Amino acid sequence: MSSLLIIGASGHGKVVAETAEAIGSWETIAFLDDDFATLNGKLRWPVVASSKDAITLSRQYDAVVVAIGHAEIRLRFINELAAAGCVLPVLLHPAAWVSMSANLGVGSVVFAGAVIQADVRLGRAVIVNTSASVDHDCQLADGVHVCPGAHLAGNIVVGEGAWLGIGCVVKQGVCLGKGVTVGAGAVVLKNVTDGLTVAGCPARAI
Ligand SMILES: CC(C)(COP(=O)(O)OP(=O)(O)OC[C@H]1O[C@@H](n2cnc3c(N)ncnc32)[C@H](O)[C@@H]1OP(=O)(O)O)[C@@H](O)C(=O)NCCC(=O)NCCS
């Protein structure tokens, strides 16, 4: 019987679990979460132990997905689990559309309604959330999160751990640095340097 372990039982974790159910490759799904004592019994899936036990327990499952929003923590888990030999699938919702020429890094998730176009490159542990779109030739580094309804035009480069807020839009060819945060609904027309938070239309540092 094939089994999936999801690390992190937040709202994002629930969407990951339902995406896995829609894919239909796993017969059982269980969670790890630091708050497992409180959460177990409250979800449709068992929350069996703390994420502190992830490396040991992951060996008992056929595949593992890390559903932790914080990019640095998500990437750390992904790298440790990969080093331990765990299978870290790309979760691609059947209602998402991904170009045959796109390349998605291990541990990435693409939710319902998302579109990923030709020659896009996603690093490890990238999240392309509900109904977001990433157009041709974009390169998203490890740990990037494209929030629901965000739209990236073609040829955009996004640095490690950047977080692109709900409903933002980014003009073609723009480079967003490492750790950048883009506010909800922002319209990004120019490059953004590492670590900056930008918001508004046109987006400016806040
Ligand atoms: C950009 C963001 C991260 C800033 O959060 P923050 O650091 O807590 O900033 P604050 O709420 O203190 O706001 C600081 C200022 O920026 C403004 N601001 C914040 N977010 C803004 C946005 N998205 N667009 C325009 N202005 C914004 C605030 O109005 C405030 O202005 P003021 O000083 O004139 O009152 C946050 O507001 C945001 O947009 N988050 C995105 C949420 C999201 O996408 N969730 C999806 C999860 S999947």
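Here's a quick rundown of the structure. By convention here, each chain's residues receive numbers from 1 onward along its written sequence. pLDDT decides what is reported in this predicted model: residues at 70 or higher carry local features, side-chain atom pairs at 80 or more are listed and counted, and totals for whole chains, interfaces and linings draw on all residues regardless. Processing note: side-chain calculations cover all non-hydrogen atoms of the structure and skip hydrogens and water entirely.

## Considering unusual backbone geometry
Following Cys201, the chain continues to Pro202 via a peptide bond in cis, the omega torsion being -5°. Its location among the elements puts Pro202 in the loop between strand S22 (197-199) and strand S23 (204-205). Notably, Ala125 is not glycine yet its phi reads approximately 55°, a positive angle. Unusually for a residue other than glycine, Asn155 sits at a positive phi of about 60°. Secondary structure is summarised from DSSP: a helix means a run of H or I of at least four residues, a strand means a run of E of at least two, and numbering begins at the N terminus for each. Mapped onto the elements of the fold, Asn155 is located in the loop between strand S15 (151-152) and strand S16 (157-158).

## Digging into the pattern of salt bridges
Whenever Lys or Arg places a side-chain nitrogen within 4 Å of a carboxyl oxygen from Asp or Glu, that contact is recorded as a salt bridge. Per the stated rule, a full pass over the model turns up two salt bridges. Among the salt bridges present, the one from Glu18 reaches Arg44, with a minimum N-O distance of 3.2 Å. Of this pair, Glu18 sits in helix H1 (residues 11-23) while Arg44 is found in the loop between helix H2 (36-39) and strand S3 (47-49), placing the two residues 26 residues apart along the sequence. Residues Glu21 and Arg44 are paired through a salt bridge, measuring 2.9 Å at the closest nitrogen-oxygen approach. With a gap of 23 residues between them, Glu21 in helix H1 and Arg44 in the loop between H2 and S3 connect regions that are remote in the sequence. Judged by relative accessible area, Glu21 falls into the partly exposed class, the value being 38%. Exposed residues in this analysis have more than 50% of their type's maximum accessible area, buried residues have under 20%, and partly exposed residues fall in between, with area computed by a 1.4 Å probe over protein chains only. According to the relative accessible area criterion, Arg44 is exposed, its value standing at 55%. One network of salt bridges, in which partners are shared, links Glu18, Glu21 and Arg44.

## Digging into the sheet that holds strand S21 (residues 187-188)
DSSP bridges decide pairing: two strands pair if at least two such bridges lie between them. The strand order S6-S9-S12-S15-S18-S21 describes an open sheet built from six strands, whose pairing is parallel. A single partner strand is all that each edge strand has here, and the edge strands are strand S6 (97-98) and S21. Looking at chain direction, strand S18 (residues 169-170) and S21 are connected through two bridges and run parallel. Its bridge partner lying in S21, Val169 is registered against Val187.

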